[in-house]
Amino acid sequence: MSFWKNLREQLRAIASLPGHIDTADAERNIRSSIYFRGPNVWILFFSIIIASVGLNVNSIPVIIGAMLISPLLGPVFGIGLGLGINDMGLLKSSLKNILVMMGISLAASLLYFLITPLNLSNPTELLARTNPTIYDVFIAFFGGFAGIFELCRKEKGTVFSGVAIATALMPPLCTAGFGLAKGNLVYFLGALYLFTINCIFIILATYLTVKYMKFEQFEYKDERTAKKSRRLITIVTVIVIVPSIWSAIVMIRENTFNENVASFINANRNQYTGYILDYRTEHRKGSKVEVYFTGEPLSASEKSNFIESGKEFGLKPEQIIIKEHAIVEGTNEAELLKGIYERTDSEITRRENEIRKLEGELKKMHENDIPYEQITKEAVNQYPIIESLFVARGAEVTAGEYARKDGIMAGVFTSRPFSDDEKARFTNWLKIRLNTEDVTLYEFVARHEKKSSEEER
């Protein structure tokens, strides 16, 4: 019992926060970092340009460098702190500055994408910021915890730089500017949604940490103002928390659907005459998947079987849409060729396996072939009284009892009847020669033997 008690005490000492944190210093740092004035504005502008270049040319190191430069996290932590300590003034100031920050970021990225001569056919880093997933939620939430813990601890380290990279507030804003420059509303709204998701979960993590660490609550001079502020803070807190929970649930559902679709496609990729060129999932009006086939058209039964097989992966028939002979915009040519090669290799392997199987069955059939000519020569050589011999595989069905006996049926025509010893030895020889115990011998005396016997009489 003492062992477990000591273990608990050691774990409590390791995870203990008192003595390692300074909430007052953390509050001062957050309050001083929410404002965008003077150099901060220009640093943000330049970092947005750098990030836009990185996204435009698919350069991850450039994007990471821009995130390290950018001072974006200050107002976000300010909102979480304001909610946690009931400071309405801090909350308003943080919201105002985050709007200023968004305006500067969108203007800078819009300007860059309007004048840049670079135009990649497949800007994957930009496209990746238009569709948030549950992983973005987890990264923002736990990144927010890491950030606020770093601000609270006495000995500061390099954690905050990592949080800036992991939570990635800047790339979505650059992508939103790209959507504006190209007139693409889907890119613009998708990127803003990702930015909002990141902000909300960082704010939620900050709010929970501030409450847990018992930051000093803001005191109002006027009780009426205090009540009004607390009421507004409560409303804003609910507005932040409820959508965050709902968005997390929605994203978990969408992520589960996407994983089920991927398993469904992999299971059916080589099952039909047509080739699955690509597929797209859509979640705007209920989760759906569009599957693009090329090659030979699918028959009605194949389409029905394909849709029906989706039930094994949790997909409803109305969620699966088949499109044939379609070239999908944005399809990666390398991935397409890879898929075709994989399909061809899979088809070759399948056919080779089928050929080997048929060869095995054919060999097995040949093993059971009876060497008629050789057996007849050997039999006549051993028993000169044999005039003809027939051997075949067959079945004997007994009338009345309807008993069936399968095996080798042998019929022998002799110039005179076999003696019992000759018949037994000949039957055993056939069993050994044909490698089977199921041999039934039928003996017949040649007709000319019978005729000559009758003439003698």
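Further up the page is the structure itself.
Remember, it's a predicted structure, so these values are computed and weren't measured experimentally.

**Q** Help me understand the packing of aromatic side chains in this model?
**A** Centre-to-centre distance and the angle between the planes together describe a pair of aromatic rings. For the coordinates displayed, the defined rule picks out 18 aromatic pairs. Geometrically, the ring pair formed by F45 and F46 is edge-to-face, given 6.0 Å between the ring centres and 75° between the ring planes. The class for F45 is partly exposed, based on a relative accessible area of 25%.

**Q** Would you explain the pattern of salt bridges in this entry?
**A** Opposite charge on two side chains permits them to pair, given that their charged atoms come into close proximity. In the structure shown here, the tally under the stated rule is 10 salt bridges. E437 is paired through a salt bridge with K431; the nearest N and O atoms lie 4.0 Å apart. Residues joined in a network through salt bridges with shared partners are E27, R31 and D87.

**Q** Could you clarify how one ought to interpret helix 6 (residues 88–115) in this entry?
**A** Every α-helical turn comprises 3.6 residues, leaving residues that sit three or four positions apart pointing alike. Look at helix 6: 41 Å from first C-alpha to last across 28 residues, which is about the 40 Å you get at 1.5 Å a residue. For helix 6, the N-terminal capping position is held by D87, with its side-chain oxygen 3.1 Å away from the main-chain nitrogen of G89.

**Q** Could you clarify how one ought to interpret the side chain of S109 in this entry?
**A** Relative to the helices and strands, S109 resides in helix 6. Within the structure, S109 has its side chain in polar contact with the backbone oxygen of L106 (distance 3.2 Å).

**Q** Looking at this structure, how should I read the packing of helix 6 against helix 11 (residues 185–212)?
**A** Each pair of packed helices gets described by two things: the angle between the helix axes and the distance between those axes. At a closest axis distance of 14 Å, the pairing of helix 6 and helix 11 adopts a crossing angle of 145°. The way helix 6 lies across helix 11 gives a crossing that is right-handed. In this structure, helix 6 uses I98, M101, M102 and L106 to contact helix 11, whose residues at the interface are F188, L192, F195 and C199. Looking at side-chain class alone, the contact of helix 6 with helix 11 contains eight nonpolar, no polar and no charged residues.

**Q** What's the story with unusual backbone geometry in this structure? I'm lost.
**A** Phi is mostly negative for residues that are not glycine, and the peptide bonds are mostly trans. For N86, which is not a glycine, the phi torsion comes out positive at approximately 60°. Summarising the element assignment, N86 is placed in the loop between helix 5 (73–85) and helix 6. Positive phi values are uncommon outside glycine, yet K214 reaches one of about 55°. Structurally, the position occupied by K214 is in the loop between helix 11 and helix 12 (223–268).

About the cut-offs
Residues numbered from 1 in each chain as written. Predicted model: local features only at pLDDT ≥ 70, side-chain atom pairs only at ≥ 80, totals over all residues. Heavy atoms only, no water. Phe/Tyr/Trp six-rings, centres within 6.5 Å; stacked < 30°, edge-to-face > 60°. Buried < 20%, exposed > 50% of the residue type's maximum accessible area, 1.4 Å probe, protein only. Salt bridge = Lys/Arg side-chain N within 4 Å of Asp/Glu carboxyl O. Helix = DSSP H or I, 4+ residues; strand = E, 2+ residues; numbered from the N terminus. Expected span 1.5 Å × (residues − 1). Polar contact = N/O pair within 3.5 Å; in protein donor to acceptor, adjacent residues only side chain to side chain. Axes fitted to C-alpha atoms, helices over the stretch in contact; angles between N-to-C directions. Left-handed = near helix turned anticlockwise from the far one by under 90°. Contact = heavy atoms within 4.5 Å. Nonpolar A, V, L, I, M, F, W, Y, C, P; charged D, E, K, R; others polar.

All quantities given are derived from atomic positions and should not be read as evidence of function.
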